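One-letter residues, chain by chain:
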Amino acid sequence: MSPEKTVAQVIAAALARHGVKTIFSQSLPSAVLLAAEDLGIRQFTYRTENAGSYMADACARLTGQISVVTAQNGPAATLLVPGLAEAIKSSIPIVALVQDVNLPTTDRNAFQEFDHFGLFQSCAKWIRRVTEPERIEDYVDMAFAAATSGRPGPAVLLLPADVLNERVTVPLRRHANLGSFPLDRSLADPALLRAAADLIASAKMPLLVAGGGIHLSNASAELAALQETAHLPVMTTVMGKGAVDERHPLSLGVGGYNLGRMSPGRHLRPLIEQSDLIFFVGTRTAQNGTDSWSLFPPSARYVHLDIDPVEIGRNYEGLRLVGDAKLTLPALTELLRGRCKPRPEYAQAIAAAFARGAGDIAPLLQSDASPIRPERLMADLQQVLTPDTIVVADASYSTVWVACYLRALAPGMRFITPRGIAGLGWGFPMALGARVARPSSPILCISGDGGFAHVWSELETSLRMRAPVVLTVLNNGVLGYQKDAEDVKFGRHTSACYFAPVDHAQIARACGCRGVTITRPADYLPAVREALAAKETTVIDVITDPGAYPPVAFFDERLETVRKSSGR
């Protein structure tokens, strides 16, 4: 570094030092982005700030590297809030660089001035405004350390526009790369590990429940080794999906609220309820992952491993293991080596439950009905999956279809879903972020028509930035989850649940992408294969059954009862 640089140039150099290759942005703060491009850092330009934050989220999840997103002050900054809120709930490290008004105009109602501290307080771990140019490297490193240490999450650095152009003399005194996460790995207390091993070894029907923390820690291989060594049955949350090979005889797939009527794993519930030891790993024990905290038996003993000590015991009191999964699981595996016998009867019970579930859903997976059943689409998608495929689902029903009906083919296979606050519109931008992270992997995205409507504009981004993905739009003309939930809760639904017909394939073509409309089930799989081979963004607009709903346990019997009573 030369003796004197602008603050913007120092920021860009610090980003490069931390391994940043791409910034999700739209030209602002311009001084920083010009300096970053001079250093070869790519600007992936979104159309809307909220979509840019979703892209950054997915990219971080898949690379294990912090993502950087930028925005102008005021209204642009407000649009970052949804993405940062998802990231803080899902423990995803993002650094947001937000341009602020010139320092002398602070609190004078300058153009688009806003209280950014108040704005980001609920959705960021750390917020600072740069007022001392000479400390800019310190602030950048603090932001990265805050985002990637402990439980990861967003950090926000506010950059007054005039400060960015100030010239400073900064000695080359910082050399660390803080861009990977977890930044600091820690091992759980050895004494508590021994106690946990004793509990697991003595349990007759233990069950390990793996959450998204397994992926954040990059600990899928370590979890698979523990599963083999200790012969442990493993169930995952939606965010933990792919943590283990779901074809493994001791894999129960995704649990929680996904075990409703017509779920492939519906008949596993009695096994779960008989568990005498539940071992949570990297999960918040949230409402959906526990079926409103009703799934796991109160008589069981509990062990919980998590990097965040506050999450341990939040909903299930048990033995506390505070630490990183990638370090702690191997230590536990060694303590259990030779102490746990194979459980062929458990594997047989799992297989029998899945066989019974397969019989229940076979007609749906093979359905030739039109409008098309989403279950049939998932069965077709399964045929093109490889362990390297990245599957991205939007919130609402799209997430549940993917979680229930697609199977992970290897430990560490990735299924990206917004489960922190589960907002609509995340799917397609997350798929673009996944493309940035994994340039050579097949990217399949599933979104409902309601969710996709939030982000149509990013089709142009996909084309311009040469970020091809294959997007399936489940076009049923209704806001499905909302409508069905209202029917269950109130016996009727509001008029807002219905949409006018939209030709999503035509929208795609208008943006220069490929667009295909599917009305017959037999045409879908060939269209997916053709889209994957085309290597350009393709929207497959599938006209789906508006009456179809996934196996949400809350709907069991109730929704059908409402429909029969109302004649729908």
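Here the structure is a predicted model, which means the values were calculated and not measured. (Residues numbered from 1 in each chain as written. Predicted model: local features only at pLDDT ≥ 70, side-chain atom pairs only at ≥ 80, totals over all residues. Heavy atoms only, no water.)

Participant: Quick one: what's the story with helix α23 (residues 558-566), residue by residue and with numbers?
Facilitator: When α23 is considered as a whole, its buried residues turn out to be Leu559, Val562 and Arg563. Buried residues in α23, looked at end-on, bunch into an arc of 95 degrees, giving them a common side. In α23, the exposed residues that point more than 90 degrees away from the buried face are Thr561, Lys564 and Ser565. Packing partners of the buried residues in α23 comprise α20 (480-490). A positive phi of about 75 degrees marks Gly567, the residue just after α23. (Buried < 20%, exposed > 50% of the residue type's maximum accessible area, 1.4 Å probe, protein only. Helix = DSSP H or I, 4+ residues; strand = E, 2+ residues; numbered from the N terminus. Arc of directions from axis to C-beta. Contact = heavy atoms within 4.5 Å.)

Participant: Would you mind going over the side chain of Ser67 in detail, with residue names and values included?
Facilitator: For Ser67, the location among the structural elements is in strand β4 (residues 67-71). Not counting chain neighbours up to four residues away, the residues in contact with Ser67 comprise Phe24, Ala56, Cys59, Ala60, Pro93, Ile94 and Val95.

Participant: Before we move on, can you summarise the layout of surface pockets with the specific residues and values?
Facilitator: There is about 480 Å³ of room inside the second largest pocket. Where the lining of the second largest pocket is concerned, the elements lending two or more residues are β11 (251-254), α14 (344-365), α15 (374-382) and α16 (397-405). Tallying contributions element by element places α14 first for the lining of the second largest pocket, with 7 residues. Grouping the amino acids of the lining of the second largest pocket by side-chain chemistry returns 18 nonpolar, 7 polar and 4 charged. (1 Å grid on protein atoms, 1.4 Å probe; cavity = no way out; pocket = protein on both sides within 12 Å on 5 of 7 lines; lining within 4 Å. Points joined across faces, edges and corners; volume = space filled by probe spheres on them. Nonpolar A, V, L, I, M, F, W, Y, C, P; charged D, E, K, R; others polar.)

Participant: How would you summarise empty space enclosed by the protein if you had to cite specific residues and measurements?
Facilitator: For the structure shown, the criterion picks out 1 cavity of 30 Å³ or more. Reported here for the largest cavity is a volume of approximately 70 Å³. Residue lining of the largest cavity: Arg61, Ile92, Gly212, His215, Leu216, Met239, Arg414, Phe415, Ile416 and Thr417, and that is the complete set. Contributing elements (two or more residues each) for the lining of the largest cavity: α10 (213-216) and β16 (415-416). Looking at the lining of the largest cavity residue by residue, the class counts come to 5 nonpolar, 3 polar and 2 charged.

Participant: Run through the pattern of salt bridges, naming residues and quoting values.
Facilitator: This model, assessed by the stated rule, comprises 31 salt bridges. When the shortest N-O distance is used, the salt bridge between Arg174 and Asp138 registers 2.9 Å. Of the two residues, Arg174 sits in the loop between β8 (167-169) and α9 (190-202) while Asp138 sits in helix α7 (residues 136-148), which places them 36 residues apart along the sequence. Here Arg174 falls in the partly exposed class, since its relative accessible area comes to 27%. Classification of Asp138 as buried rests on a relative accessible area of 8%. For Asp380, the salt bridge identified is with Arg376, shortest N-O distance 3.3 Å. Of this pair, Asp380 and Arg376 are both found in helix α15, 4 residues apart, which corresponds to roughly one turn of the helix. (Salt bridge = Lys/Arg side-chain N within 4 Å of Asp/Glu carboxyl O.)

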